[in-house]
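If you want the building blocks of each chain, they are given just below.
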Amino acid sequence: MIEKTRIICVETLDPWWNLSIEEYLLDRVEENECILYLWQNQNTVVIGKNQNAWRECRTDLLESEGGKLARRLSGGGAVFHDTGNLNFTFLMGRSNYDFQRQVKVIRDAVGKAGIVSEVSGRNDLTVDGRKYSGNAFCFRKNSAYHHGTILVSADMGKLSRYLQVSQEKLRSKGVKSVQSRVANLTEFKPSLTIEEMKVYMMEAFQDEYGKSVEIHMDDSFMDKEA
């Protein structure tokens, strides 16, 4: 049973620092606690724990244009992050992991923006069949996390330039089909901003799990707990 909740929203855009905070929280989340962690990266490709970076990303191009490459603890495919994308992580004791409940927070947050979305396949969230959020997971002995992306106004040109679509996916879906499957939420509500999406996520999280005891808008909590 979840008895304690926290919301953590950091300002840094450094993917290595942000992912280290995520692991820090995963190692320290209490059994009866649920944490919502909101974060952003700038001009970054993040790959899954078992992926080959050179197969999934045009690493030379990314590096030459000042981008960063990072590897996460979870599985799944490569993703592009910029400041038009909001990342979320739900962290909790493993016995309280509930994908349907967690994904409801995301759908409810998007609903607060006036957009109706649904779960598609195993891990994706879509609007009119187009993906705006991909999800991945990490499980430890006593803790777990569920994290993913919310595409609000990401640079789709960079997304397609840096990520290399697998030959298997090209054969099964074709380039145009793969690209058309992804959408920013601003395509459905042009005025939507990242800051609004953060507020909607925090509100939806508290609607589902109760008012948060602690809300941190920076990473100062790490100094307190170290």
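Below: a short report on this structure.

The next point concerns helix α1 (residues 15-28). Over its 14 residues, α1 extends 20 Å from the first C-alpha to the last, a length consistent with the 20 Å expected when each residue adds 1.5 Å. Taken as a whole, α1 has its buried residues at Pro 15, Asn 18, Leu 19, Ile 21, Glu 22, Tyr 24, Leu 25 and Leu 26. Sitting at the amino-terminal end of α1 is Asp 14, which places a side-chain oxygen 2.9 Å from the backbone nitrogen of Trp 16.

A few words now on the nonpolar core. One finds Phe 90, Ile 106, Ile 150, Leu 185, Met 197 and Met 201 to be the most contacted residues of the largest nonpolar core, which totals 34 residues. Broken down by secondary-structure element, the contributors of at least two residues to this core are β1 (4-9), β2 (33-39), β6 (85-93), α4 (99-112), β8 (124-127), β10 (143-151) and α8 (194-209). Looking at this core element by element, the count peaks at 8 residues for α8. Residues contacting Phe 90, with those up to four places away along its chain left out, are Ile 35, Leu 36, Gln 102, Val 105, Ile 106, Ala 144, Tyr 145, His 146, Met 201 and Phe 205. The next biggest cluster of nonpolar side chains, apart from the first, holds 18 residues, and it includes Leu 25, Tyr 37, Trp 39 and Met 222.

This paragraph deals with the packing of aromatic side chains. For the structure shown, the criterion picks out 9 aromatic pairs. Seen in terms of ring centroids, Phe 80 and Tyr 162 are 5.6 Å apart; in terms of plane orientation they differ by 55 degrees. Their pairing is tilted. Placement of the pair is Phe 80 in strand β5 (residues 79-81) and Tyr 162 in helix α5 (residues 156-162), with a sequence separation of 82 residues. Judged by relative accessible area, which is 2%, Phe 80 ranks as buried. Its relative accessible area of 0% is what places Tyr 162 among the buried residues. Its end group placed over the ring of Tyr 24, Arg 28 keeps NZ or CZ at 3.8 Å from the ring centre.

As a further point, take the state of the cysteines. Enumeration according to the criterion identifies 0 disulfides in this entry. With no disulfide of its own, Cys 34 has Cys 138 as its nearest cysteine by sulfur position, at a separation of 15 Å. Residue class for Cys 138 comes out buried when judged on its relative accessible area of 8%.

Rules used throughout
Numbers given to residues run from 1 along each chain, matching the order in which its sequence is written. Only residues with pLDDT of at least 70 are given local features in this predicted model, and only at 80 or more are side-chain atom pairs given and counted; all residues enter the totals for whole chains, interfaces and linings. Calculated side-chain values reflect all of the structure's heavy atoms, with hydrogen atoms and water omitted. Helix and strand assignments come from DSSP, with helices taken as H or I runs of at least 4 residues and strands as E runs of at least 2, each series counted from the N terminus. Working rule for helices: expected span equals 1.5 Å times residues minus one. Only protein chains enter the accessibility calculation, which uses a 1.4 Å probe; a residue whose area is less than 20% of its type maximum is buried, one above 50% is exposed, and one in between is partly exposed. Pairing of N or O atoms within 3.5 Å defines a polar contact, subject to two protein rules: one partner must be a possible hydrogen donor and the other a possible acceptor, and residues neighboring in sequence count only if both atoms are side-chain atoms. Remark: nonpolar core denotes a set of buried residues (Ala, Val, Leu, Ile, Met, Phe, Trp, Tyr, Cys) joined through side-chain atoms within 4.5 Å. We call two residues in contact when some of their heavy atoms are within 4.5 Å. Only Phe, Tyr and Trp rings are paired, with Trp represented by its six-membered ring, and only when their centres lie within 6.5 Å; those with planes under 30 degrees apart are stacked, over 60 edge-to-face, the remainder tilted. For a Lys NZ or an Arg CZ to count as sitting over a ring, it must be within 6 Å of the ring centre and within 35 degrees of the ring normal. In this description, the term disulfide denotes a pair of cysteine sulfurs within 2.5 Å.

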